[in-house]
Amino acid sequence: MHKLEHESLPRRVADRLQSQIIEKRMGEGDRLPTEPELMALFGVSRTVVREAAALLVSRGLVDVKPRRGMTVRAPDGSGVAESLAAQLQMSRVSLDQLLEVRLTLESSMAQIAAAKRTDENLDRLDENLALMADPATDRETTVNLDIAFHEAIADATHNPFFQIVIRPINDLLRALYIDKVGYMSLRGTTVDEHRAIVEAIRGSRPDEAVVATRAHLERVGESVRGMIASSQGGSA
């Protein structure tokens with residue numbers, strides 16, 4: 001193999017390793033070559049190898065742990081989440097734009113789930129509803145259940161790409177919900193709206209699933225804007 005040159009060495013090494021992961025269909029937990037092996041393979045320094053590893057970590061492709069080196073990680077959209085969070089903080093993406101994407105994605109997810117859901121998917125959704133409706137469930141758990149509900153809808157499409165795309169959006173919203181006291185006052189409304197979505201999916205009624213999802217997310221969008229306005233106005 002020819003020695004790599006130029007200041008983009010870490011990126012080029014990372015790109016080569018990414019191609020290897022894809023071409024060899026490496027799965028979660030599979031190990032990549034060790035640092036010394038990569039140094040010899042590409043003819044580069046330890047620093048270059050470590051910078052390449054950091055790039056792969058940022059892409060959400062590998063984990064790096066002491067004594068284990070680089071291992072392939074399951075795709076979970078973490079790199080997308082970090083990028084979205086950074087762009088929101090830098091005002092390159094507005095909250096309204098984020099909510100618009102969520103509305104479009106989840107309406108499609110509910111429509112597909114109504115056609116492809118299994119009994120196992122419905123059991124998971126029913127369990128989520130029961131736990132979220134329980135008055136004894138605390139705020140953090142309720143928020144996590146709320147996010148898990150939308151991920152369960154994604155799973156019911158049996159298209160893993162939806163899970164990868166929707167998870168980072170939900171992770172951004174999780175932090176917002178946990179930080180705002182007003183979220184819990186709307187729990188009953190959220191549960192009722194979630195139940196309407198589930199019943200449409202259970203009945204294999206795609207159009208109703210879309211309508212119920214849009215109604216829920218449009219209401220959520222208004223609530224989120226209200227919580228933010230309240231916070232900026234100085235109230236809890």
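So, how was this worked out
Residues numbered from 1 in each chain as written. Predicted model: local features only at pLDDT ≥ 70, side-chain atom pairs only at ≥ 80, totals over all residues. Heavy atoms only, no water. Helix = DSSP H or I, 4+ residues; strand = E, 2+ residues; numbered from the N terminus. Buried < 20%, exposed > 50% of the residue type's maximum accessible area, 1.4 Å probe, protein only. Contact = heavy atoms within 4.5 Å. Areas by Shrake-Rupley, 256 points an atom, 1.4 Å probe, with all protein chains shown as cover. Salt bridge = Lys/Arg side-chain N within 4 Å of Asp/Glu carboxyl O. Core = buried A, V, L, I, M, F, W, Y, C linked by side-chain atoms within 4.5 Å. Axes fitted to C-alpha atoms, helices over the stretch in contact; angles between N-to-C directions. Parallel < 35°, antiparallel > 145°, perpendicular 65-115°, else oblique. Left-handed = near helix turned anticlockwise from the far one by under 90°. Pairing = 2+ DSSP bridges.

1. A look at the overall build of the chain
So, step 1. Tallying secondary structure elements over the chain gives 10 helices and 2 strands in all.
So, step 2. The linear arrangement of helices and strands in the chain, starting from the amino end, is α-α-α-β-β-α-α-α-α-α-α-α.
So, step 3. Counting every position in the chain, which comprises 236 residues, the buried fraction comes to 39%.
So, step 4. Taking the intrachain contacts of the chain between residues at least 6 apart in sequence as the baseline, contacts between residues at least 24 apart amount to 73%.
So, step 5. Summed over all atoms, the accessible surface of the chain reaches about 12800 Å², with 52% contributed by carbon and sulfur.

2. Things to note about the environment of Arg124
So, step 1. Among the structural elements, Arg124 can be located in helix H6 (residues 119-133).
So, step 2. Arg124 gets classed as partly exposed once you look at its relative accessible area, which sits at 36%.
So, step 3. With 25 residues separating them along the chain, Arg124 and Phe149 place their C-alpha atoms 8.6 Å apart.

3. Some remarks on the pattern of salt bridges
Side chains carrying opposite charge are able to pair once their charged atoms draw close together.
So, step 1. On inspection of all chains with the given rule, the structure shows 14 salt bridges.
So, step 2. For Glu106, the salt bridge goes to Arg102, with nearest N and O atoms at 3.1 Å. Of this pair, Glu106 and Arg102 are both found in helix H5 (residues 95-116), 4 residues apart, which corresponds to roughly one turn of the helix.
So, step 3. Residue Arg102 is classed as buried on the basis of its relative accessible area, which comes to 2%.

4. Some thoughts on the nonpolar core
So, step 1. Counting 30 residues, the largest nonpolar core has Phe149, Ile153 and Ile201 as the members making the most contacts within it.
So, step 2. Those elements that place two or more of their residues in this core are H5, H6, helix H7 (139-156), helix H8 (160-179), helix H9 (187-202) and helix H10 (206-232).
So, step 3. Setting aside residues no more than four positions away along its own chain, Ile201 makes contact with Ala110, Ala113, Ala114, Arg117, Leu122, Ile153 and Ala209.
So, step 4. Among the nonpolar cores identified, the runner-up in size contains 18 residues, and Val13, Met26, Val49 and Ala53 belong to it.

5. A word on the packing of H5 against H7
So, step 1. Orientation of H5 relative to H7, taken along the N-to-C sense of each, is 55°, at an axis distance of 7 Å. Judged by the inter-axis angle, H5 sits oblique to H7. In the packing of H5 onto H7, the handedness of the crossing is left-handed. Listed contacts from H7 to Arg102, Glu106, Met109, Ala110, Ala113 and Lys116 of H5 are His150, Ile153, Ala154 and Ala156.

6. Points about the pairing of strand S1 (residues 62-65)
So, step 1. Note that S1 and strand S2 (residues 69-72) share 4 bridges and pair antiparallel. Residue pairing for S2: Val62 is matched across the bridge by Val72.
So, step 2. With antiparallel pairing between neighbouring strands as the criterion, S1 and S2 make up a hairpin whose turn holds 3 residues, including Arg67 at a positive phi of roughly 70°.

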